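One letter stands for each residue in the lines below.
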Amino acid sequence: MQGGSLRFLQVKASRCREAVVARMARRALKLVSLAAASSGFYLYSSKYLDPNDFGAVRVGRAIATTAVITYDYLTSLRSVPYGSQEYAYLKSQVHLRSAERLRDLCCANRGTFIKVGQHLGALDYLLPEEYTRTLKILHSQAPQSSMQEIEQVIREDLGKEIKELFVSFEDTPLGAASLAQVHKAVLQDGRTVAVKVQHPKVQAQSAKDILLMEILLLTVKQIFPDFEFMWLVDEAKKNLPLELDFLNEGRNAEKVAHMLKDFDFLKVPRIYWELSTRRVLLMEFVEGGQVNDRAYMERNSIDVNEISRNLGKLYSEMIFVNGFIHCDPHPGNVLVRKCPATGKAHIILLDHGLYQVLTEKFRLDYCRLWQSLIKTDMKRVQKYSRRLGAGDLYPLFACMLTARSWDSVNRGIDRSPVTANEDVEIRTNAAAYLPQINQLLNNVPRQMLLLLKTNDLLRGIESALHTRASASSFLNMSRCCIRAVSTYQRSKSHSLYRKAKISLLEALSLWQINLYELFLRLKGSRLGNWVIAFLSRMHHSPY
């Protein structure tokens, strides 16, 4: 009897939700129609007006898309047995349809919507593949501002016309992103520069767009209690104002260039402050190929493995040692080139608007967690995962951090490369454990969110270069973790003997890593293979 009552209440609740969504959809369509009619008069009288300038159009489009996606999830899987093959297939189709609708909404509303869509598209091992695969296209489909709009922003911010400032200014942008676009130009003194100009309407629309997203996500959460994406709005609220301030981006660029000045393979374009404002940023022009373009590297005799190793060094230093991390390493922001003067391969780091600053406590816990993962010390993995907010979901947290299966984490993430089957398993689990993943993302410190995105973007680059999960990347991480923890311990010690002991242990640990790396290189070389074969024959010789 109780089971029947419970079933009745569940069905009733489900129908109530569907009725709510249907009402939402009807209201959304009415709002869109009203918006179209009201804006039509203005558009008829002025060919220069953009429908996206009207808040009602943007709001109506977002409400309608949210309502349709919600209704699709509620109805498409209703009559199919949970866990069946048919259920898995239909769920994949709903994911794909919803991702395409979300992509179309981002492309239509532009600005902040594209920025958030790009963030979701970067979460390869945290969201269903249908979403990440579909939303990745937003990195190459960002809108372009017209030359009239670019001239207007430069005129308002720099007080002069383009012709007064530059000898030449290319109309076609080198690249367009969600918030700005970059043009190549030549200054009056002959310097070739990259001019980053903010899209003129982004500032005015961003705050309203974030508020709209927050309201829509809260509404969806009322219908699907397991839907936990408020972390996305919280991140946008915090980071967008910083990304829209190009003076902040310039300061970040100079800070990271100084911080990593010992890395001779890193190139950060110089900032020209005399012609930079909150919406216009002038930088040294540096050419190169995208970091995931193997064909470009082969044409220019650039060692793919060297680039992958150096990129790992760069980010390990930023994350574990300095706690100041460039958080948008998608291929358009990381270029490579062979330096004409020295012949060395350079990594060029662009777009410094989005950085994550780690607190000392978080950074050290994160160091110790990665040390535990590399050493396969599962007790410490559990301990430091809990300290970082994972709670009882620490196995899932470890899998999210490493993008490896739980079996691989237990065996040792540095002992075996990722297989195609394991990759499929990880992506399937991302879809199956979406509620738990969202719960984790809501519980971990906010500092962790951009780190997870950065990790996924770096793995995407490694996958494109076929260097993913190489032993050298884990060795670089180990070095940085040892240095970071040792530096902290010395800073807290008042005894010269204790400081000397810490330094000695640090040197021994680093020496062991260097020795192991040398062994791996010899093992992979022709000489190493010859020595191993010779010793093997000597071992089996009857004499």
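Structure's up top.
Since this is a predicted model, take the numbers as computed values, not measurements.

Conventions adopted
Residues numbered from 1 in each chain as written. Predicted model: local features only at pLDDT ≥ 70, side-chain atom pairs only at ≥ 80, totals over all residues. Heavy atoms only, no water. Helix = DSSP H or I, 4+ residues; strand = E, 2+ residues; numbered from the N terminus. Buried < 20%, exposed > 50% of the residue type's maximum accessible area, 1.4 Å probe, protein only. Contact = heavy atoms within 4.5 Å. Polar contact = N/O pair within 3.5 Å; in protein donor to acceptor, adjacent residues only side chain to side chain. Phe/Tyr/Trp six-rings, centres within 6.5 Å; stacked < 30°, edge-to-face > 60°. Lys NZ or Arg CZ within 6 Å of the ring centre and 35° of its normal. Pairing = 2+ DSSP bridges. Salt bridge = Lys/Arg side-chain N within 4 Å of Asp/Glu carboxyl O. Patch = residues over 30% accessible without salt bridge, like charges linked within 9 Å, V, L, I, M, F, W, Y side chains within 5 Å. Areas by Shrake-Rupley, 256 points an atom, 1.4 Å probe, with all protein chains shown as cover.

### Side note on the overall build of the chain
Broken down by element type, the chain carries 22 helices and 11 strands. Within the chain, the proportion of its 543 residues that are buried is 48%. Considering only contacts within the chain whose residues lie at least 6 apart along the sequence, 68% involve residues at least 24 apart.

### Focus: the environment of Gln198
Mapped onto the elements of the fold, Gln198 is located in strand 4 (residues 192-198). For the pair Gln198 and Ala176, spaced 22 residues apart in sequence, the C-alpha separation works out to 9.9 Å. For Gln198, the residues in contact, after removing those within four places along its chain, are Val153, Leu179, Ala180, Gln203, Leu244, Phe246, Arg278 and Arg279. Within the structure, Gln198 has its side chain in polar contact with the side chain of Gln203 (distance 3.2 Å). Separated by 2.9 Å, the side chain of Gln198 and the backbone oxygen of Leu244 make a polar contact.

### Observations regarding the packing of aromatic side chains
The final tally for this structure, using the stated rule, is 7 aromatic pairs. Judged by centre distance (4.5 Å) and plane angle (25°), the ring pair of Phe324 and Tyr355 falls under stacked. Here the residue Phe324 occupies a position in strand 8 (residues 324-326), and Tyr355 occupies one in strand 11 (residues 355-357), the gap between them amounting to 31 residues. Seen from their ring centres, Tyr394 and Trp406 are 6.4 Å apart, and the 75° between their planes marks the pair as edge-to-face. One end of the pair, Tyr394, is in helix 15 (residues 394-402); the other, Trp406, is in helix 16 (residues 406-411), and 12 residues separate them in sequence. Using a relative accessible area of 18% as the deciding quantity, one classes Tyr394 as buried. These aromatic residues form a ring-pair network of at least three members: Phe320, Phe362 and Tyr366. Over the ring of Phe246 we find Lys196; its NZ or CZ atom is 5.1 Å from the centre of that ring. In this structure, Lys255 is placed above the aromatic ring of Phe324, and the distance from its NZ or CZ to the ring centre is 4.1 Å.

### Some thoughts on the pairing of strand 4
Regular strands place their side chains on alternate faces of the sheet. Counting buried positions along strand 4 yields 6 of 7 residues, so the element is predominantly enclosed. Looking at chain direction, strand 3 (residues 180-187) and strand 4 are connected through 7 bridges and run antiparallel. Across the sheet, Ala185 pairs through a bridge with Val193, a residue of strand 4. Counting the residues between successive antiparallel strands, the hairpin from strand 3 to strand 4 contains 4 residues, one of them, Gly190, with a positive phi of roughly 95°.

### Notes on the pattern of salt bridges
Counted under the stated rule, the structure contains 32 salt bridges. When the shortest N-O distance is used, the salt bridge between Arg380 and Asp377 registers 3.8 Å. Assessed through its relative accessible area of 33%, Arg380 is described here as partly exposed. The network of salt bridges with shared partners includes Lys115, Glu243, Asp328 and Lys453.

### Notes on a nonpolar patch on the surface
Taken together, the side chains of Trp511, Leu515, Leu518 and Leu522 make up a nonpolar region of the molecular surface, amounting to roughly 420 Å² of accessible area. When you line up the elements, Trp511 lands in helix 21 (residues 496-524). With relative accessibility at 53%, the residue Trp511 sits in the exposed group.

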